[in-house]
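Each chain is listed here by its residues.
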Amino acid sequence: MTLEAGIVDGDWEYQPIRLPRDVSRLNATAELGLRAQFGGWELARTLLYADGTRKVWLRRKLSRMREAVTV
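Note that the structure is a prediction, hence the values are computed from the model and not measured.

Observations concerning the overall build of the protein chain
Looking only at helices and strands, one finds 2 helices and 5 strands in the protein chain. In sequence order, the protein chain lays out its α and β elements as β-β-β-α-β-β-α. Per-residue burial for the protein chain yields a buried fraction of 27% across its 71 residues. Across the protein chain, the fraction of contacts at a sequence separation of at least 24, relative to all contacts at a separation of at least 6, is 51%.

Re the packing of aromatic side chains
According to the stated counting rule, one finds 0 aromatic pairs in the structure shown. Sitting over the ring of W57, R45 keeps its end group 4.9 Å from the ring centre.

Some points on the pairing of strand β4 (residues 42-48)
With 6 bridges joining them, β4 and strand β5 (residues 54-61) adopt antiparallel strand pairing. By the bridge assignment, L48 is partnered in β5 with R54. Linkage of β4 to β5, two consecutive antiparallel strands, is achieved through a turn of 5 residues, within which G52 is found at a positive phi near 100°.

Points about the pairing of strand β3 (residues 12-19)
Where burial is concerned, most of β3 is hidden: 6 out of the 8 residues are buried. Examined bridge by bridge, strand β2 (residues 7-9) and β3 share 3 bridges and lie antiparallel to one another. Bridged to D9 within β3 is W12. Two successive antiparallel strands, β2 and β3, enclose a turn made up of 2 residues, where G10 displays a positive phi of approximately 65°. Sheet analysis places β3 next to β5, joined by 8 bridges and oriented antiparallel. Bridge pairing in β5 links I17 to V56.

Quick notes on the nonpolar core
Soluble globular proteins tend to bury their nonpolar side chains together. Counting 8 residues, the largest nonpolar core is built from I17, L19, V23, A28, L32, W41, V56 and L58. Elements with a minimum of two residues in this core: β3, α1 (25-39) and β5. For W41, the residues in contact, after removing those within four places along its chain, are E13, Y14, Q15, R35, A36, L58, R59 and R60.

Basis of the calculations
Residues numbered from 1 in each chain as written. Predicted model: local features only at pLDDT ≥ 70, side-chain atom pairs only at ≥ 80, totals over all residues. Heavy atoms only, no water. Helix = DSSP H or I, 4+ residues; strand = E, 2+ residues; numbered from the N terminus. Buried < 20%, exposed > 50% of the residue type's maximum accessible area, 1.4 Å probe, protein only. Contact = heavy atoms within 4.5 Å. Phe/Tyr/Trp six-rings, centres within 6.5 Å; stacked < 30°, edge-to-face > 60°. Lys NZ or Arg CZ within 6 Å of the ring centre and 35° of its normal. Pairing = 2+ DSSP bridges. Core = buried A, V, L, I, M, F, W, Y, C linked by side-chain atoms within 4.5 Å.

Next comes the structure, spelled out in structure tokens:
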């Protein structure tokens, strides 16, 4: 699993993740579920490439506390 730099767009923070083709759907679901439960992320978009890899964009609403830390 490869994390890329986070992106802030308006009121949302996005985190793209690249999943290799050898990651099963069950393992990907478990990993994304943990990120949702403990990090407050939700699934925004998925993209399946011809080589079997997937790119997943997670998003979460920016809180005032996170905005103060990132600025």
